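Here is how the chains run, residue by residue.
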Amino acid sequence: MRILGIETSCDESSVAYLDIRSGQVRRSVHLVSTQEIHRKYGGVVPEVAAREHAVTLPPLLFELAERVTGEADGRQLGRLVDLIAATRGPGLVTSLRVGLDTARTLAAAWGKRIVGVNHIEAHVCSGFLPASGEGPLPRGRGLFPALVLVVSGGHTELLLMSGHRRFRLLGATKDDAAGEAFDKTAKLMGLGYPGGPAISALARKGNPRTFEFPRPLIHRSDHDFSFSGLKTAVRYFLRDRQENLDDERFLADVAASVEQAIVDVLVTKTLRAARAERVRTVMLAGGVAANRKLRQELKEQVAAGPLKMRYVEPPLDYCTDNAMMVALAAYYRLRPWSRGDSWVGMEADPSWELGR
Ligand code: KG4
Ligand code: ZN
């Protein structure tokens, strides 16, 4: 199956080509264009994002065609594609529409099958992608049931996965997502947008035990999260230490301490849920999965537990939004006998929830 993937749910325009045969990724080509324009606004502006997708997507698709076919002729790509996959939700509705309508147009023009993909399911699938871009996909047997910690800019969820496409939501954030906690803290510290990579880079130079920030709901036995209190605590903490804001060492210690608080909550609650559900595998997914401290501590604690659980994390290149994970999610979603979705009436679903 040769799949063209398109992702435009937020502020990354991305296209990918994925060729899977007999459970092996034979070829993968992947392009991402991050919309730098939002940095000056300190966050994503939906109308601007949609306009940027509309500008970026056609040349990005042309470049993909060139990379896949070896020819500067966009028409050739259609001959090498069996299925078109695009993110249908959740996300910003106007941004989703640009990617979805591009996919619908290509499906109609080329006469191809099309599948609308759930963005969170796509993040989950990123953990199955081979790190080198080629190689075998993991076998389902021995993998499920799996517990997935999804941590992105808009979502923080624990999903129980009993098979491909079979999800049950165990818990979610009541307010801010983990990525938002990184982004908002970074903004308070004057580090710009997106905040996650900036905080984690600064945190490497700091001591995570210097300041004790709140770890909301860490002792509660349910599987929900809450991060807005942490952000408020950081706001008051910094307000009372204005004179230190130019001190590199101080900022590094704050970044490291905030990162530690977020990671402690995520790791503790994930392991508690994994034990309660007696899963075989713990998986990490979403943009915050790029955080090295989170990857390291979750991996170590899964390995240290008595239950011999497997740990699966996405390759670093596929943590934040990308079209490769969208293409793979479509592969798992499409049954061999299915005709896919209809391009005619396909709508974006900005609040599509998985597993409820
Ligand atoms: O999944 P994603 O690319 O977009 C959404 O679907 O929301 O996630 C973006 C989020 C942002 O909040 C960003 O700050 C965070 O992922 N992020 C990180 C890191 N890289 C990206 N957070 C912590 N550490 C990182 N290294
Ligand atoms: Zn995402």
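For the structure itself, consult the block above.
Rules behind the numbers
Residues numbered from 1 in each chain as written. Chains lettered and ligands numbered in written order. Predicted model: local features only at pLDDT ≥ 70, side-chain atom pairs only at ≥ 80, totals over all residues. Heavy atoms only, no water. Helix = DSSP H or I, 4+ residues; strand = E, 2+ residues; numbered from the N terminus. Expected span 1.5 Å × (residues − 1). Buried < 20%, exposed > 50% of the residue type's maximum accessible area, 1.4 Å probe, protein only. 1 Å grid on protein atoms, 1.4 Å probe; cavity = no way out; pocket = protein on both sides within 12 Å on 5 of 7 lines; lining within 4 Å. Points joined across faces, edges and corners; volume = space filled by probe spheres on them. Nonpolar A, V, L, I, M, F, W, Y, C, P; charged D, E, K, R; others polar. Pairing = 2+ DSSP bridges. Contact = heavy atoms within 4.5 Å. Axes fitted to C-alpha atoms, helices over the stretch in contact; angles between N-to-C directions. Donors = N, O, S within 2.8 Å, 3.2 Å for Na, K, Ca; no water. Salt bridge = Lys/Arg side-chain N within 4 Å of Asp/Glu carboxyl O. Near = heavy atom within 4 Å. Polar contact = N/O pair within 3.5 Å; in protein donor to acceptor, adjacent residues only side chain to side chain. Areas by Shrake-Rupley, 256 points an atom, 1.4 Å probe, with all protein chains shown as cover. Domains from an automatic or database assignment.

Peer 1: Please explain helix α7 (residues 248-277) as it appears in this structure.
Peer 2: Note on helix geometry: an α-helix contains 3.6 residues per turn, so any two residues three or four positions apart are oriented the same way. When the terminal C-alpha atoms of α7 are compared, their 43 Å separation across 30 residues agrees well with the 44 Å that a helix rising 1.5 Å per residue should span. In terms of burial, α7 is largely enclosed, as 23 of its 30 residues are buried.

Peer 1: Just to check I follow, could you spell out the environment of E300 for this structure?
Peer 2: Relative to the helices and strands, E300 resides in helix α8 (residues 292-304). The sequence separation of E300 and A252 amounts to 48 residues, and the corresponding C-alpha distance is 24 Å.

Peer 1: Teacher, can you tell me more about the layout of surface pockets here?
Peer 2: Empty space among the atoms becomes apparent when a probe as large as a water molecule is rolled across them. Volume-wise, the second largest pocket comes out at about 170 Å³. Here the residues of the lining of the second largest pocket sort into five nonpolar, five polar and one charged.

Peer 1: How do you make sense of the sheet that holds strand β1 (residues 2-7) when you look at a structure like this?
Peer 2: Adjacent strands of a sheet pair through backbone hydrogen bonds, lying either parallel or antiparallel. Spatially, the six strands line up as an open sheet ordered β5-β4-β1-β2-β3-β6, and their pairing is mixed. Looking at strand neighbours, the two that pair on one side only are β5 (113-118) and β6 (135-136), the edges of this open sheet. In the sheet, β1 pairs with strand β2 (residues 12-21) via six bridges, with the strands oriented antiparallel. Following the sheet pairing, I3 is matched in β2 by L18. Helix α1 (residues 46-69) rests against β1, β2 and β3 (24-34) of the sheet, and its axis sits at about 30° to β2. The sheet contacts of helix α9 (residues 323-333) involve β1, β2, β3, β4 (83-89) and β5, and relative to β2 the element is tilted by about 45°.

Peer 1: How should the coordination of the zinc ion (ligand 2) be read in this particular structure?
Peer 2: Note on metal sites: the ideal angle is 109.5 degrees for four tetrahedral donors, and 90 or 180 degrees for six octahedral donors. At the metal site, the zinc ion (ligand 2) is ligated by H119 (NE2), H123 (NE2) and D321 (OD), and these contacts range over 2.0 to 2.1 Å. Spacing between the donor residues of the zinc ion (ligand 2) along the chain follows H-x3-H-x197-D. Residue H119 and its partner H123 are located together in helix α3 (residues 119-125), separated by four residues, close to a single helical turn. Taking relative accessible area as the criterion, H119 reaches 7% and is therefore assigned buried. H123 sits in the buried class, given a relative accessible area of 0%.

Peer 1: Would you explain the pattern of salt bridges in this entry?
Peer 2: Close approach of charged atoms allows side chains with opposite charge to pair. In total, this model carries 23 salt bridges according to the counting rule given. Ionic pairing is found between E63 and R67, a salt bridge with its closest N-O pair at 3.9 Å. Of this pair, E63 and R67 both sit in helix α1, separated by four residues, roughly a single helical turn. Judged by its relative accessible area of 35%, E63 falls in the partly exposed class. With a shortest N-O distance of 3.4 Å, R295 and E313 are connected by a salt bridge. One end of the pair, R295, is in helix α8; the other, E313, is in the loop between β11 (310-312) and α9, with 18 residues separating them in the sequence.

Peer 1: Mind showing me how you'd approach the site of ligand 1 here?
Peer 2: Around ligand 1 sit 19 residues in total, of which H123, G153, D183, G196 and D321 are the nearest. Within the side chain of H119, an N or O atom sits 3.1 Å from an oxygen atom of ligand 1. Measuring from an oxygen atom of ligand 1, one finds a backbone N or O atom of G179 at 3.3 Å. Alone, ligand 1 offers 560 Å² of accessible surface; in the complex the protein occludes 89% of this. Elements supplying a minimum of two residues to the shell around ligand 1: α3, α4 (178-188) and α5 (195-203). For the shell around ligand 1, the element with the most residues is α5, which contributes four residues. Its residues assigned to classes, the shell around ligand 1 comprises five nonpolar, 12 polar and two charged. Per-domain counts for the shell around ligand 1 show at least three residues from each of domain 1 (2-129 + 318-333) and domain 2 (146-313).

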